[in-house]
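What follows is each chain in one-letter form.
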Number of protein chains: 2
Amino acid sequence: MTFSLLDFDTWVTSQLSTVEHALSQWVSPDAPAGLGESMRYAVLDGGKRLRPLLVLAACEAAGGHGAAALRAACAVELIHAYSLVHDDMPCMDNDVLRRGKPTVHVQFGEALALLAGDALQALAFELLTPGDSSVPPAMQADLCRLLACAAGGNGMAGGQAIDLASVGHALSEPELRAMHKLKTGRLLQASVLMGVACARTPLPPTAQAALAEYGAAIGLAFQVVDDILDVTADSSVLGKTAGKDAAAEKPTYVSLMGLERSEALADELLAQAQRSLLESGLPNVARLRSLAELVVKRKK
Amino acid sequence: MTFSLLDFDTWVTSQLSTVEHALSQWVSPDAPAGLGESMRYAVLDGGKRLRPLLVLAACEAAGGHGAAALRAACAVELIHAYSLVHDDMPCMDNDVLRRGKPTVHVQFGEALALLAGDALQALAFELLTPGDSSVPPAMQADLCRLLACAAGGNGMAGGQAIDLASVGHALSEPELRAMHKLKTGRLLQASVLMGVACARTPLPPTAQAALAEYGAAIGLAFQVVDDILDVTADSSVLGKTAGKDAAAEKPTYVSLMGLERSEALADELLAQAQRSLLESGLPNVARLRSLAELVVKRKK
């Protein structure tokens, strides 16, 4: 047990180092007039990189194509990073602190923040389509489709629109769940599905469905834990402004069902994720199991 | 001659009708909380659709795959539309009138305008990757790569960053050209290249290079004419605020070289575009020839 935990930590450290190196190479400072600099600021030296880890762990479980998975891992992180840049802007959450640093619009101005987010989204799709034979073309197309669907109007952006419209309104638990399923859940689930899409031979449909279930469960768990941490953690640990959801009268799991029941829900979703991994019938799911624990037990 | 002009008009009318229908289908009102509505507002019932026409004409010249070209035509228009939405926002150009209607942020608020732009970009890549066999997977990947590169930090977004940084500064003609090459040129050129990428059999490299040259020439011509129209046309004809570049102290071809020399440059670029078409050696370039004329002779 101790060995397997240590082993997971070693795996995480090694994967993170690969991802950071790749992001630093691919998010080049070349883009003109400060744009490259602002893009790098938004992406590098920060973040838990949960989504890249999910891609890489799912790829390992699926017996996947490493070069494709690294591109997918970085692409999904770029989408996440751009969404934070835009989300922090004054017309959205108007936040000044992110990952312990001034937000991009505070550092570079609103116009450049807007453009940096836009360019990061485009770069995600550029990474997925290398234009050589390093990734099979059909896999490139699959990865683009999964990412585009998860990011768009019926995914992350749609969830943000619901979030905007919900400020100051009472939401029921199903409504809150539907919002988060889009806002945070779709991209986390897509991370798993993109790892699966890197498989050299397609997985059986039952295994694919089980991993999709796993992705949905940890997607929701992530948000529940986020809501819990917004109440229980300090800004200094969180690296962003704590308590801001409550201050903004945003509906959260904690405001809706209280702290204790939120914590119970997070545990239940963790159990559900672990059951889905068992149901997948795949042998190499240890990383995915540990990542599910990480999502629920994290302190920031 | 008269017959061929008429023929072009008929072709344009028919292509536009196909594109409008496809856009209306693909930009669905489904996205939640007003997002779908704002996306449709940004895209439908307006615009010259020059980029889609370039994709479709280039596809015709290249002997291309019609279903792929229609998706590419709509995808490039979505990128164009999203860029206008973000460009009009208060932190950028702060414009209130576009295509004769209130801009998206005036109509729906800044936050929804930001999200609508983001979701339209994602949708562009979703359109290019239909997930069935209607477009060959390698073609899907090629189209995504061309569009992502043209839209990103070393394309359109990069050009906008230069544009931002240049307000109030004197630019030389080469600097202005470099800015517009990215800001407007890359996406117009990509429209041609995406049409070419729909070819059922790849074109000879010389023909590809010639069409890329054609795309570069009309890309620049488009911007020169835009600058001319900003000075010579009425807002009511233009459908957007005329004279705003001059008011914002933005460097333009007209401010740099005067109206007469700008008009001469536009004509020269038109001639260059037509030469490139000849050099391509392709037989079916009549549509591309007429589109080049349209770019330079347009009144709005």
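Scroll up to find the structure this text is about.
Note that the structure is a prediction, hence the values are computed from the model and not measured.

Peer 1: Explain the overall build of chain A to me, please; I cannot follow it from the model alone.
Peer 2: What chain A contains, in helices and strands, is 14 helices and two strands. Structurally, chain A occupies a C-alpha span of about 50 × 50 × 35 Å along its principal axes. Evaluated residue by residue, chain A yields a buried proportion of 58% over its 300 residues. Look at the contacts in chain A between residues 6 or more apart in sequence, and 74% of them connect residues 24 or more apart. Of the accessible surface of chain A, which amounts to about 11500 Å², a share of 55% is contributed by carbon and sulfur atoms.

Peer 1: Is there a simple way to think about the interface of chain B and chain A in this case?
Peer 2: Facing the 44 residues of chain B at the interface are 44 residues of chain A. Of the roughly 3400 Å² buried between chain B and chain A, counting both surfaces, carbon and sulfur atoms make up 75%. Our enumeration of links across chain B and chain A arrives at zero salt bridges. Inspection of the chain B/chain A interface yields six residue pairs in polar contact (both at pLDDT 80 or more). Put simply, the parts of the chain that give the side of chain B that touches chain A at least two residues each are helix 4 (66-87), helix 6 (110-128), helix 7 (137-151) and helix 8 (156-166) of chain B. Considering each element in turn, the side of chain B that touches chain A owes the most residues, eleven residues, to helix 6 of chain B. Residue composition of the side of chain B that touches chain A, grouped by class: 29 nonpolar, ten polar and five charged.

Peer 1: Which parts of the structure should I look at to understand the relation of the copies chain B and chain A?
Peer 2: What connects the two chain copies is a rotation about an axis and a shift along it. For the pair chain B and chain A, the superposition axis carries a translation of 0.0 Å, the fit reaches an RMSD of 0.0 Å, and the rotation angle comes to 180°. These values place the two chain copies in the arrangement generated by a two-fold rotation axis. Relative to the rotation axis, the C-alpha of Ala141(B) is the closest in chain B, positioned 2.6 Å from it. Mapped onto chain A, 100% of the interface residues of chain B again fall at the interface, so both copies present the same surface.

Peer 1: How should the pattern of salt bridges be read in this particular structure?
Peer 2: Pairing of side chains with opposite charge becomes possible as their charged atoms draw close. All names here are of chain A. Counting across every chain of the model gives 22 salt bridges over all chains. Close ionic contact of Arg-49 with Glu-20 constitutes a salt bridge, the shortest N to O distance being 2.5 Å. Placement of Arg-49 in the loop between helix 2 (35-43) and helix 3 (50-62) and of Glu-20 in helix 1 (residues 2-26) is noted, with a sequence separation of 29 residues between them. Given a relative accessible area of 2%, Arg-49 falls into the buried group. Between Arg-49 and Glu-77 there is a salt bridge, with its nearest N and O atoms 2.8 Å apart. Separated by 28 residues along the polypeptide, Arg-49 in the loop between helix 2 and helix 3 and Glu-77 in helix 4 (residues 66-87) bring together distant segments of the chain. Each of the two residues, Arg-49 as well as Glu-77, counts as buried. Residues joined by salt bridges that share partners form a network here, namely Glu-20, Arg-49, Glu-77 and Arg-99.

Peer 1: Looking at this structure, how should I read the packing of aromatic side chains?
Peer 2: Any pair of aromatic rings gets described here by the distance separating the centres and the angle formed by the planes. Counted by the stated rule, this structure contains five aromatic pairs over all chains. Arranged with centres 6.0 Å apart and planes meeting at 20°, the rings of Phe8(A) and Trp11(A) form a pair that is stacked. Of this pair, Phe8(A) and Trp11(A) both sit in helix 1, three residues apart, roughly one helical turn. Of the residues examined, Phe8(A) reaches a relative accessible area of 6% and is grouped as buried. Centre to centre, the rings of Tyr41(B) and Phe108(B) are 5.3 Å apart; their planes meet at 75°, and the pair counts as edge-to-face. Highlighted residues: Tyr41(B) in helix 2 (residues 35-43) and Phe108(B) in helix 5 (residues 104-108), separated in sequence by 67 residues. The buried category is assigned to Tyr41(B), whose relative accessible area is 18%. Of note, Lys101(B) hangs over the ring of Tyr41(B), and the distance from its end group to the ring centre comes to 4.1 Å. The ring of Phe222(B) carries the charged tip of Arg298(B) above its face, separated from the ring centre by 4.0 Å.

Peer 1: Looking at this structure, how should I read unusual backbone geometry?
Peer 2: Trans is the common state for peptide bonds, and a negative phi is the common state for residues other than glycine. With phi around 60°, Arg49(B) is a residue other than glycine that occupies positive phi space. Of note, the phi angle at Arg99(B) is positive, near 55°, even though the residue is not glycine.

Criteria and thresholds
- Residues numbered from 1 in each chain as written.
- Chains lettered and ligands numbered in written order.
- Predicted model: local features only at pLDDT ≥ 70, side-chain atom pairs only at ≥ 80, totals over all residues.
- Heavy atoms only, no water.
- Helix = DSSP H or I, 4+ residues; strand = E, 2+ residues; numbered from the N terminus.
- Buried < 20%, exposed > 50% of the residue type's maximum accessible area, 1.4 Å probe, protein only.
- Contact = heavy atoms within 4.5 Å.
- Areas by Shrake-Rupley, 256 points an atom, 1.4 Å probe, with all protein chains shown as cover.
- Buried area = accessible area lost by both parts, 1.4 Å probe.
- Salt bridge = Lys/Arg side-chain N within 4 Å of Asp/Glu carboxyl O.
- Polar contact = N/O pair within 3.5 Å; in protein donor to acceptor, adjacent residues only side chain to side chain.
- Nonpolar A, V, L, I, M, F, W, Y, C, P; charged D, E, K, R; others polar.
- Least-squares fit on C-alpha atoms with pLDDT ≥ 70 in both.
- Phe/Tyr/Trp six-rings, centres within 6.5 Å; stacked < 30°, edge-to-face > 60°.
- Lys NZ or Arg CZ within 6 Å of the ring centre and 35° of its normal.

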